[in-house]
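Structural features, examined
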Amino acid sequence: MPDSGYPWPISTTRLDNGLRVVVSEDRTAPAVAVNLWYDVGSRHEPAGQTGFAHLFEHLMFEGSVNVAKTEHMKLVQGAGGSLNATTNPDRTNYFETVPAEHLELALWLEADRMGGLVPALTQETLDNQRDVVKNERRQRYENVPYGDAWLRLLPLLYPPGHPYHHATIGSMADLNAADLATFQAFHQTYYAPNNAVLTVVGDTGVEEVVALAEKYFGAIPARAEIPVAPDGRVVPATGVPTEETVVTDVPAPRVYVAHRTYPFGTPNHDVVTVLATVLGSGRGSRLYQRLADGERIAQPDLVGAYGVDLAHAPAPLIATATARPGVSGQRLAEGLAEVVDELATVPVTPTELDRAKALLTTAWWRQMSTVDGRADALGRYATQFGDPATVADRLPGWLAVTADQIAEVAAEVLTAADRVTLTYRPEETP
Amino acid sequence: MTLIAERPGPGAARPYRFPQVVRRVVAGGQVVAAHLPGQNLAVALLLLDAGAGREPVGKEGLGGVLAKALEEGTGQRDATAYALAIEALGTELVTGLDWDTFQASVQVPVDRLGAAVELLAEAVRTPRLDPDDVRRVRDDEATALRMDWANPGPRADAVLRADLFGADNRWGRPMYGDPDSVAGLDVEDVTVFHSEWFIRPGTLVVAGDLDRIDLDGLAAAAFAGTGGGPVDRGTPIEVPRHDRRRIILVDRPGSVQSTLRLGHPAPHRAHPDHVPIALAGTVLGGAFTSRLNHLIREVRGYTYGIRGEFASSRRFGRFAVSSGVQTAVTAPALVESVGEIARTRAGGVTEDELAVARSWRAGQLSVELQSPRAIAGALTTLVVHDLPDDYHARLRESLLAADVAQVSAAAATHLHPESLTLVVEGDAALIRDELVATGLGEVVDHPVG
């Protein structure tokens, strides 16, 4: 068992304005990854403003005081870099990987939109990006079969008012109602240096990065009080299974079984991660062996299970299967539930456990094989757990999970009485 | 003002280097490897000259069914035992298919690479191919394709391909086949395809820390029991362009977006204009900052994204634009997209645009070629297209050296807005009249079914 999942140096410095700067030097390739985690996500959105954190992420690419509209992308790509950003319920991150000689450019761009976005934000930009986001919603959720499963599962898993109750993409009605003043306030409230972690990984050193961070970010003022999101850590069990059936234009019945488990980063979430791999990753998994290969009621390429890595409330475990021709949604749902139930009653064998740990080990080193993968991980651990060095504990944490722990966790959080089942059924054909 | 207004220039450029490449012939097969010192993960990829282009017309999807059937048990163990053995090493057997090659690969911590390659070879060279299993896999693949074809895109892609290349040709039919072609395959098709193409040695591509890898041992496992000489790769295919533009409408009732696929034939991979063609494609549609994405997304807000690029295989190529646009703006999105293609052909590219395109393409060689998987992909390019070890370094130089005149000439020569086929998959009842009114070309309804 490796002692560490992160065998590279890590340095953390806090600037006077509260910005944490994490550096991990690796001179292997002439590239650097720059990654900013802002501790704001859709969990911070009040009712009537769903989708705002994500729409805001789009606005961050549209110019700031010293960067003209459309120039951000052009400068990074013109430097040979790759860039993007993502928003989820927990947080928003922005990242670019550039040839090492362009590190300073990347930091200048990030500082300019952290400290100088609001004066550049226009109604025209907001209207344009609102249309883009509405098209993103159409493309990813509305125009594809089963595309809205995640949007349907969240409100079944989390009650109204819970920070994970609504999906990050938001509702069309709220997006239509978004006004400029709200976004200006959003930036002033959350995009402060003391609410962010700047991580740089690759062909550079601590002194260089800290000096550049001080130069470009150092004068951006801290914000005294940053509002916290509603506390979602306790979600009372209903004691009643929740079921929803959607009859719509889909090619075959599909079932999702979902449970609230534990927040990402806790030892029990490590157990859930290994459990999900035993249950639903690969042809050797229980779901594949039982439903796709054994009873042959599920499509082989479409069975799986995964634990979602959300950190601020009990995160979901989701298992899914799609019916083979002639198999009903009900039959499939029963089969899926049975395999999930057995996690508590049929002990995980050493072979199953070793298989899961081997797959997770490869997945871990795959993320660590690029500077951008490492930068994202360090930013996450610094933001969510206060110390980027805790990144090294995750892989050993997974590898320490025992079969008994899996059975205990399954008995605790995967009970039928606390289960959400979402079933899609094709419309009857005349 | 607290921010620094002046944009910093670049620091001293680091020299570009692609990992050291090692080539060997062992046990009748070729090994091409890249040395990644200190890397914990390693990838091994067996490359066979058995791409979709080898499938007989009418048997599209054969390679995909065979790929899945490889894991249904081998001469040594049944399907479950095989899955448990390979996954216990931390990898799945990853298979892939394109027009030129079939690929099977494993990705594991470096100390497990030998065992993983033995299992890879066991599945590829000695699959059980029990007739009942093959039939079941075929039926599952047909169902999987039917599921996939319920999404927007695959039908539009197939319609475009057939119109560009002719459905009588293998390369005018979908690379992975369609639900009907797969359903029509029989067991013998699969076993014959295996014996014809999967026991030739091929090439073993390896990316990892070669100080901890026994290449000869890997090769011995990968090439054991193989035979058969090199095969004719075929010559580039001359594909005539259409003499006029037209719209093919594929009905998808209730669709909230229209899926656009615009295209025409283009040069094969070995064409001498490859680099300027790639750069012209980048300026027009290959990057976020490209003309098409700028206009259709960032100015108009019609879409979440639009891309246009030249793509090429050994024997043929095409230029294609793809997007999903809100139903109500289908006609203007189409008109403006064709307008950008025409403008790029007529006026070429500007120095500003080209500067971004060439730096981006060159920089991507440093930025994107980091992981063993990515390096293995780059080595695959060397093998498939007979390129030298220093290809990536030379490519970087030619990208950076390309000037406006060369790239504009490539745009003028290789873009053909007047012979584009414009496939629109969307709610025909809502968009048909507007498409006719655009005057872009005759509107043809694709037959349902």
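Residues numbered from 1 in each chain as written. Chains lettered and ligands numbered in written order. Predicted model: local features only at pLDDT ≥ 70, side-chain atom pairs only at ≥ 80, totals over all residues.

**Considering the pairing of strand β4 (residues 82-87) of chain A**
Residues and elements named next belong to chain A. Here is the rule we go by: Only when DSSP finds a minimum of two bridges between them are two strands counted as paired. Only DSSP runs of H or I covering at least 4 residues are called helices, and only runs of E covering at least 2 are called strands; the numbering of each starts at the N terminus.
Here β4 pairs with strand β5 (residues 92-99) via 6 bridges, running antiparallel. Within the sheet, the bridge partner assigned to L83 lies in β5 and is E96. The antiparallel hairpin formed by β4 and β5 contains 4 residues in its connecting segment.

**So, the UniProt feature "domain: Peptidase M16 C-terminal" (unreviewed entry) in chain A**
Short version of the rule: UniProt positions are given in the numbering used here, feature names are shortened, and annotations may be inferred rather than shown by experiment.
Under the feature "domain: Peptidase M16 C-terminal" (unreviewed entry), the UniProt entry names residues 181-360 of chain A. Annotation note: span residues 181-360 of chain A, helix share 41%, strand share 18%, distance between end C-alpha atoms 45 Å.

**Quick notes on the environment of T126 of chain B**
Residues and elements named next belong to chain B. In plain terms, the rule: Residue pairs are scored as contacts if the distance between their C-beta atoms, which are placed from the backbone, is within 7 Å.
In this fold, T126 is placed in the loop between α3 (113-125) and α4 (131-148). Separated by 23 residues in sequence, T126 and Q103 have C-alpha atoms that sit 16 Å apart. Not counting residues up to four positions away in its chain, the partners in contact with T126 are T74 and G75.

**Some points on unusual backbone geometry**
Residues and elements named next belong to chain B. Inclusion rule: Residue burial is a threshold on neighbouring C-beta atoms within 10 Å of the residue's own C-beta, all placed from the backbone, with 20 or more meaning buried, 12 or fewer meaning exposed, and counts in between meaning partly exposed.
One non-glycine residue, A27, lies in positive phi territory at about 50°. Examined against the element boundaries, A27 turns out to sit in the loop between β1 (21-26) and β2 (29-35). C-beta crowding within 10 Å serves as the criterion here: with 17 such atoms nearby, A27 is assigned to the partly exposed category. Of note in the backbone geometry, D386 takes a positive phi value of approximately 55° without being a glycine. Relative to the helices and strands, D386 resides in the loop between α13 (372-384) and α14 (391-401).

**Some details on the domain arrangement of chain A**
Residues and elements named next belong to chain A. What counts, and what does not: Throughout the structure description, domain borders are defined by an automatic or database domain assignment. Any residue that is not Ala, Val, Leu, Ile, Met, Phe, Trp, Tyr, Cys, Pro, Asp, Glu, Lys or Arg is counted as polar, Gly included; the first ten are nonpolar and the last four charged.
Split by domain assignment, chain A resolves into domain 1 (11-217) and domain 2 (242-426). The partner domain 2 presents 28 residues to the 33 residues of domain 1 that form the contact. Elements with a contribution of two residues or more to the side of domain 1 that touches domain 2: β2 (20-25), β3 (31-38), β5, α5 (149-157) and β6 (196-202). Of the residues that constitute the side of domain 1 that touches domain 2, the class distribution is 18 nonpolar, 8 polar and 7 charged.

**Regarding the sheet that holds strand β8 (residues 254-260) of chain A**
All names here are of chain A. We apply this condition: To obtain an axis, a line is fitted to C-alpha atoms, over the contacting stretch when the element is a helix, and the angle between two such axes runs from 0 to 180 degrees between their N-to-C directions.
As summarised here, the arrangement of the 5 strands in space is β7-β11-β8-β10-β9, forming an open sheet in which the pairing is mixed. Looking at strand neighbours, the two that pair on one side only are β7 (242-248) and β9 (304-307), the edges of this open sheet. For this sheet the average axis-to-axis angle between neighbouring strands, irrespective of direction, equals 15°. In this structure, β7 lies alongside strand β11 (residues 420-426), joined through 7 bridges in parallel fashion. Each bridged residue has a counterpart across the sheet, and for T248 the counterpart in β11 is P426. Each of β9 and β10 (316-322) touches helix α9 (residues 267-280); the most contacted strand, β9, lies at about 170° to it.

**Overview of the interface of chain B and chain A**
Listed by partner, the interface residues are 66 residues for chain B and 69 residues for chain A. Elements supplying a minimum of two residues to the side of chain B that touches chain A: α2 (79-87), β5 (102-109), α4, α10 (291-299), β9 (303-312), β10 (317-326) and α12 (351-367) of chain B. Among the elements that make up the side of chain B that touches chain A, the one with the highest residue count is α12 of chain B (9 residues). Of the residues that constitute the side of chain B that touches chain A, the class distribution is 30 nonpolar, 26 polar and 10 charged.

**A look at the domain arrangement of chain B**
Residue and element names in this part refer to chain B. Assigned domains within chain B: domain 1 (21-223) and domain 2 (246-445). Domain 1 and domain 2 are separated by 28 Å when their C-alpha centres are compared. Taken together, the elements giving at least two residues each to the side of domain 1 that touches domain 2 come down to β2, β3 (41-48), β5, α5 (154-165) and β6 (203-208). For the side of domain 1 that touches domain 2, the element with the most residues is α5, which contributes 7 residues. Along the lines of polarity and charge, the residues of the side of domain 1 that touches domain 2 split into 18 nonpolar, 8 polar and 5 charged.

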